[in-house]
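Report on the structure
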Amino acid sequence: MSQPSRSRHLFLACSAAWFATALYSIMPALAATSDAEYQEACKLREGGKFQQAADCCIKLVKSNPSNPLYWTKLAECDVLLGHSDKAVEASDKALSIDPKCGWAINLRANAFLQKGNLKSALEDANRLIEISPRDVAGYYLRAVIYQALKDWKPAMADLNTCLDISPKNPDLYTKRAEIYFNTHDYDEVIPCCDNALRLNPKSWMAVSLKVRACMQRYEQPQAIAEIHQAETRGFTPLALAKLCADEGLLQEAIIQYDKAEKNSKDQEISHAGKATCYLQLRRLDKAVDEATEALKINPNNSQVYVLRARCRAAQDKGKLAIADLTSAITHDPKNATLFFERGKVYMEQNVSRQAVDDFTTAINLKLINARVLAKRGHCYLTLADLPAALKDADRALLIDPNCIHALHVHALVNLEYKKYKFAMFDFQRVRQLAPNDAHTWELMAQVYGASGDNKQCIYALKKLLELEPNQKEAIVMLKEMQRRSTGSFTDTRPYPVIKLGTIR
């Protein structure tokens, strides 16, 4: 994840705690103003109507630009809307009027955090601590910034300071648990979560971190017990089902989805969730049934069509999978991912021309990554369009030099051009990236066989059979190559070569 997006993620993760724990501890006394327009802005913000609140604040600052409270409220709304540049500008306006306005400093720091400007955010956090050394706000904010920098020791030190100031704040314990989880200290996560839940039994972050820590400690029964305990605290089955699914507790997730299904508004999501779990469990008939039930409730859900298509593709029902993806595209014709998904099914069905068309549409819709280029390159290869295949493989490797599929395509084009050394260079690169990739050894055996290198061909075939002992074509080829390697006769027949069919 890039630094800006990571910072945005961290801001969203801590925003509730930020407002509840830190921000209001440094809000000016003017917050109690009887100004009707300002009170309306506060009401809109509390109701989640951030844009309307911002519009209200714009009127306020126009009517009275010398009031720092109005500028800080506008900055707050801009932060919540993700308008970080505007939030910095509004905070600067407030600070030009009142240089020690802690609320404005806090908001500007959070805006910098959104932008990924961690250096400026840290400077503001330090300034906030200087102004209010006995408030939680600055230390908590600085801990979040250190967390974004992955500087765990000072982050934990700041949280400890926060707890000295406010020992009964559950959000501080969950933030500690989060940092312990990030540093893989799972034994410390659980007591922090217990402290948070003791103070706030409704803390979803504490529940989810505790379950995740149990799974990391390979304590699956304990994780399930925590899920059941969370039920008694009033957490919804749907939320618990999603948590179970994310942590690989698929059977428990299905049980929770069954409970969620009793609520009519959760039925579609529950059927789709169960379909996903059944697909992962390879219970494909059940997965198709659940996806079908979800589509009965909402026949316009393109993502469920994709889910059912994946199930049907796994059942070798390619035509039905393509029909589902076509339906999904009908409902969402500008979604590049849907064309990519259908292209993959066409590719598996060896319908290369249609696959190329779908991959090209996905690329034209701005889905440009190594995977889609490598797959289109493979299709061009099966269509014997070697220049196009080589061009796509080269483009894919520029984006991701470690894309194994692109390296395979690149190698096979070189093989077709009889450039055996270049092909082997590609395969050696794959060997470094994935030494136990059976398909790479299979392709390497083909290159060595075609180039007449008996010894290396035999070696590659043996490695392949270590990984896939029942590969019949490899067994036949190995026996033939061993026979030829005796050198006791002259054999002018071509070397046997494994038929590739398709790149995996």
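Residues numbered from 1 in each chain as written. Predicted model: local features only at pLDDT ≥ 70, side-chain atom pairs only at ≥ 80, totals over all residues. Heavy atoms only, no water.

Turning to the overall build of the chain, a few remarks are in order. Across its full length, the chain holds 28 helices and 0 strands. The buried share among the 504 residues of the chain stands at 51%. Summarising the internal contacts of the chain: among those between residues at least 6 apart in sequence, 52% fall at separations of at least 24. Total accessible area on the chain stands at roughly 24200 Å², and carbon and sulfur atoms take up 51% of it. (Helix = DSSP H or I, 4+ residues; strand = E, 2+ residues; numbered from the N terminus. Buried < 20%, exposed > 50% of the residue type's maximum accessible area, 1.4 Å probe, protein only. Contact = heavy atoms within 4.5 Å. Areas by Shrake-Rupley, 256 points an atom, 1.4 Å probe, with all protein chains shown as cover.)

Working note: non-glycine residues mostly have negative phi, and peptide bonds are mostly trans. Here the phi dihedral of Tyr218 falls at roughly 60°; this positive angle occurs in a residue that is not glycine. Assignment of secondary structure puts Tyr218 in the loop between helix 12 (204-216) and helix 13 (220-232). Despite not being glycine, Asn350 shows a phi value in the positive range, around 60°. You can see Asn350 is positioned in the loop between helix 20 (336-348) and helix 21 (352-364). For Asn350, a relative accessible area of 55% corresponds to the exposed category.

A complete count under the given rule lists 5 aromatic pairs for this structure. With a centroid separation of 5.8 Å and an interplanar angle of 75°, the aromatic rings of Trp441 and Tyr459 are classed as edge-to-face. Taken as a pair, Trp441 in helix 26 (residues 438-451) and Tyr459 in helix 27 (residues 454-467) lie far apart in primary sequence, 18 residues in all. Its relative accessible area of 3% is what places Trp441 among the buried residues. For Tyr459, a relative accessible area of 41% corresponds to the partly exposed category. (Phe/Tyr/Trp six-rings, centres within 6.5 Å; stacked < 30°, edge-to-face > 60°.)

Tallied over the full model, the rule gives 26 salt bridges. Measuring nitrogen to oxygen at the nearest pair gives 2.8 Å for the salt bridge that ties Asp124 to Arg108. One end of the pair, Asp124, is in helix 7 (residues 118-131); the other, Arg108, is in helix 6 (residues 102-115), and 16 residues separate them in sequence. The same class applies to Asp124 and to Arg108, which are both buried. Among the ionic pairs, Arg217 bridges to Glu219, the shortest N-O distance being 3.0 Å. Overall, the relative accessible area of 27% leaves Glu219 in the partly exposed class. (Salt bridge = Lys/Arg side-chain N within 4 Å of Asp/Glu carboxyl O.)

On to the environment of Lys375, then. Here Lys375 is to be found in helix 22 (residues 370-382). Distance in space between the C-alpha atoms of Lys375 and Met347 is 8.2 Å, their sequence separation being 28 residues. Non-local contacts of Lys375, meaning those with residues more than four positions away in its chain, are made with Phe340, Lys344, Met347, Phe359 and His405.

The next point concerns the confidence of the model for the chain. For residues with low pLDDT, the predicted coordinates do not support detailed interpretation. In the predicted model, the chain carries a mean pLDDT of 87, and the fraction of residues at 70 or more is 89%. Every residue in residues 1-34 is under pLDDT 50, and counting partners more than four places away or in other chains gives 77 contacts. (pLDDT = per-residue confidence, 0-100.)

Quick reminder: α-helices carry 3.6 residues per turn. Residues three or four places apart thus point the same way. Taking 1.5 Å as the rise per residue, helix 4 (residues 68-81) with 14 residues should run 20 Å; its terminal C-alpha atoms sit 20 Å apart, in good agreement. Across the 14 residues of helix 4, 13 count as buried, placing the element largely inside the fold. The backbone nitrogen of Leu69 lies 2.9 Å from a side-chain oxygen of the residue at the head of helix 4, namely Asn67. A positive phi of about 80° marks Gly82, the residue just after helix 4. (Expected span 1.5 Å × (residues − 1). Polar contact = N/O pair within 3.5 Å; in protein donor to acceptor, adjacent residues only side chain to side chain.)

Taken N-terminus to C-terminus, the directions of helix 20 and helix 21 make an angle of 160°; their axes are 8 Å apart at the nearest point. As judged from the angle between their axes, helix 20 and helix 21 are roughly antiparallel. The hand of the helix 20/helix 21 crossing is left-handed. Across from Ala336, Phe339, Phe340, Arg342, Gly343, Lys344, Tyr346 and Met347 in helix 20, the residues of helix 21 making contact are Gln354, Ala355, Asp358, Phe359, Thr361 and Ala362. (Axes fitted to C-alpha atoms, helices over the stretch in contact; angles between N-to-C directions. Parallel < 35°, antiparallel > 145°, perpendicular 65-115°, else oblique. Left-handed = near helix turned anticlockwise from the far one by under 90°.)

The next thing to look at is the packing of helix 24 (residues 404-416) against helix 25 (residues 420-433). Where helix 24 meets helix 25, the closest approach of the two axes is 7 Å, and the angle between their N-to-C directions is 160°. Between helix 24 and helix 25, the angle is such that the two are roughly antiparallel. Classified by chirality, the crossing of helix 25 by helix 24 is left-handed. Judged by residue contacts, Ile404, Leu407, His408, His410, Ala411, Asn414 and Leu415 of helix 24 engage Tyr420, Phe422, Ala423, Asp426, Phe427, Arg429, Val430 and Leu433 from helix 25.

Our focus in this paragraph is helix 7. With 14 residues, helix 7 extends 20 Å from end C-alpha to end C-alpha; this agrees with the ideal 20 Å at 1.5 Å per step. What helix 7 keeps buried is the set Leu118, Ser120, Ala121, Leu122, Asp124, Ala125, Leu128 and Ile129.

Among the structural elements, Cys277 can be located in helix 16 (residues 267-280). The exposure class assigned to Cys277 is buried, which follows from its relative accessible area of 1%. Separated by 23 residues in sequence, Cys277 and Ile254 place their C-alpha atoms 7.0 Å apart. Excluding residues within four positions of it along the chain, Cys277 makes contact with Ala245, Leu250, Ala253, Ile254 and Tyr257.

Another point: the state of the cysteines. Any covalent bond linking the sulfur atoms of two cysteines counts as a disulfide. For the coordinates displayed, the defined rule picks out 0 disulfides. Free cysteine Cys214: the closest other cysteine sulfur is in Cys193, separated by 8.9 Å. Assessed through its relative accessible area of 1%, Cys214 is described here as buried. (Disulfide = S-S within 2.5 Å.)

The next thing to look at is the nonpolar core. The tendency in soluble globular proteins is for nonpolar side chains to be buried side by side. Core analysis: the biggest nonpolar cluster contains 165 residues, and Ile145, Val189 and Leu461 have the highest contact counts within it. The element that contributes the greatest number of residues to this core is helix 8 (residues 136-148), accounting for 10 residues. If sequence neighbours within four positions are ignored, Ile145 has contacts with Leu113, Leu118, Ala121, Leu122 and Ala125. (Core = buried A, V, L, I, M, F, W, Y, C linked by side-chain atoms within 4.5 Å.)

Inspection of the secondary structure assignment puts Tyr140 in helix 8. Classification of Tyr140 by relative accessible area gives buried; the value is 2%. Sequence-wise, Tyr140 and Met156 are 16 residues apart; in three dimensions their C-alpha atoms are separated by 9.8 Å.

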